[in-house]
Amino acid sequence: MTDERLMRAIAGKDEAAMDRLMNQYAKLLWSVAAGVLRPLGTDEDLEECVADVFAFLWLNPEKYDPARGSLKSYLALVTRSRARNLCRQLLRRQTLPLEALEDAAGPADPEQDLSRRQRAQDLREALDTLGEPDREILLRRYCWDQKPREIAAALDLPVKQIDNRLYRTKQALRAHVQREELP
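Here we summarise the structure given alongside this text. (Residues numbered from 1 in each chain as written. Predicted model: local features only at pLDDT ≥ 70, side-chain atom pairs only at ≥ 80, totals over all residues. Heavy atoms only, no water.)

## Here's the deal with the overall build of the chain
Threshold: Starting at the N terminus, helices and strands are each numbered in turn, a helix being any DSSP run of H or I of at least four residues and a strand any DSSP run of E of at least two. With a 1.4 Å probe rolled over the protein chains alone, any residue whose accessible area is under 20% of its type maximum counts as buried; one over 50% counts as exposed, and the rest are partly exposed. Residue contacts are counted whenever heavy atoms from the two residues lie within 4.5 Å of one another.
Per the secondary structure count, the chain includes nine helices and zero strands. Secondary structure of the chain in N-to-C order comes out as α-α-α-α-α-α-α-α-α. For the chain, buried positions account for 37% of its 183 residues. Contacts in the chain between residues far apart in sequence, at least 24 positions, make up 64% of those at least 6 positions apart.

## Quick look at unusual backbone geometry
Residue Pro 133 is bonded to the preceding Glu 132 through a cis peptide linkage, with omega at 5°. Tracing the chain through its elements places Pro 133 in the loop between helix H6 (110-128) and helix H7 (134-142). A positive phi angle is found at Lys 13, which is not glycine, with a value near 65°. Inspection of the secondary structure assignment puts Lys 13 in the loop between helix H1 (3-11) and helix H2 (15-37). Its identity is not glycine, yet Asp 156 carries a phi of approximately 55°, on the positive side.

## Concerning the nonpolar core
Soluble, globular proteins show a tendency: their nonpolar side chains are buried together. We count it as follows: What is meant by a nonpolar core is a set of buried Ala, Val, Leu, Ile, Met, Phe, Trp, Tyr and Cys residues, joined one to another through side-chain atoms within 4.5 Å.
Within the largest apolar cluster, 32 residues are counted, with the highest numbers of intra-cluster contacts made by Ile 10, Leu 21, Leu 37, Leu 71 and Leu 75. When residues of this core are traced back to their parent elements, those giving at least two are H1, H2, helix H3 (43-59) and helix H4 (71-92). When residues no more than four places from it in sequence are discounted, the contact partners of Leu 21 are Leu 6, Ile 10, Phe 54, Leu 57, Leu 71 and Leu 75. One finds Ile 151, Ala 152, Ile 162 and Leu 173 within the second-largest nonpolar core, a separate group that totals 11 residues.

## Re H7
The element H7 is largely enclosed, with a buried count of eight among its nine residues. For H7, the full list of buried residues reads Asp 134, Arg 135, Glu 136, Ile 137, Leu 138, Leu 139, Arg 140 and Arg 141.

## What about the environment of Asp 19?
Tracing the sequence through the fold places Asp 19 in helix H2. C-alpha of Asp 19 to C-alpha of Phe 54: the two residues are 35 residues apart in sequence and 9.9 Å apart in space.

## Here's the deal with the packing of aromatic side chains
Stated formally: For Phe, Tyr and Trp, where Trp contributes only its six-membered ring, two rings pair if their centres lie within 6.5 Å, and the inter-plane angle classes them as stacked under 30 degrees, edge-to-face over 60, or tilted in between.
This model, assessed by the stated rule, comprises one aromatic pair. Aromatic side chains Tyr 64 and Tyr 74 sit 5.4 Å apart centroid to centroid with 55° between the ring planes, which places their arrangement in the tilted category. In this pair, Tyr 64 sits in the loop between H3 and H4 while Tyr 74 sits in helix H4, placing the two residues 10 residues apart along the sequence. A relative accessible area of 17% means that Tyr 74 is categorised as buried.

## Remarks on the side chain of Arg 140
Summarising the element assignment, Arg 140 is placed in helix H7. Here Arg 140 is in contact with Arg 88, Asp 145, Gln 146, Ile 151, Ala 154 and Leu 155, once residues within four sequence places are set aside.

## Concerning the pattern of salt bridges
Just so we agree on the cut-off: One side-chain nitrogen of Lys or Arg within 4 Å of one carboxyl oxygen of Asp or Glu is enough to make a salt bridge.
As enumerated under the stated definition, the model contains two salt bridges in all. Here Arg 165 ties to Asp 134 by a salt bridge, and the two come within 2.7 Å at their closest N and O atoms. Highlighted residues: Arg 165 in helix H9 (residues 159-181) and Asp 134 in helix H7, separated in sequence by 31 residues. We classify Arg 165 as buried; its relative accessible area is 19%. As a salt-bridge pair, Glu 136 and Arg 140 come within 2.8 Å of each other at their nearest N and O atoms. One end of the pair, Glu 136, and the other, Arg 140, are both in helix H7, four residues apart, so they sit about a helical turn from each other.

## Focus on H1
Given 3.6 residues per turn, any residue in an α-helix points the same way as the ones three and four places further on. Put simply, the test is: As used here, the arc belongs to the directions running from the helix axis to the C-beta atoms.
Restricting attention to buried positions, one finds in H1 the residues Leu 6, Met 7, Ala 9 and Ile 10. The buried side chains of H1 occupy one side of the element, clustering within an arc of 155° when seen end-on. Lys 13 occupies a position one or two residues after H1 and carries a positive phi of about 65°.

Laid out in structure tokens, this is it:
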């Protein structure tokens, strides 16, 4: 079934067509959302984001314009946009779950695990000391992998100021963590 036929069926509120679309694109949308949300969001956040995209498409099928690109590209773009919005909400809540970093290291002996957990706690505390926009700049650069030019455009700041703030923020975090490591 072509994208246009599939979208006509969805516009006609054909649930079987929507099920087919969801089965076809769910994994793609999950990976797009994970690429944006993983540093901040949980699996529930990813699930919510993808579900929101499908609900948006169901309620607004006319928003898709086949002349502008494929349905696959459109869904990926909508997912990326929704995931970024959700990231902004998570940033406003000032929560940063670092369990993903803790789990990424894999199993370790208890002493190494305790040391790793302590470093993660020190990093959390250091991040909590940051003010805005420094915290958002740091997260955008190192969690969202945005370039300074993109960050500058998003925050309406000069690129040089973004570079300077990144440098100073990294220095401050390094100093904070090193103070915590002293006996």
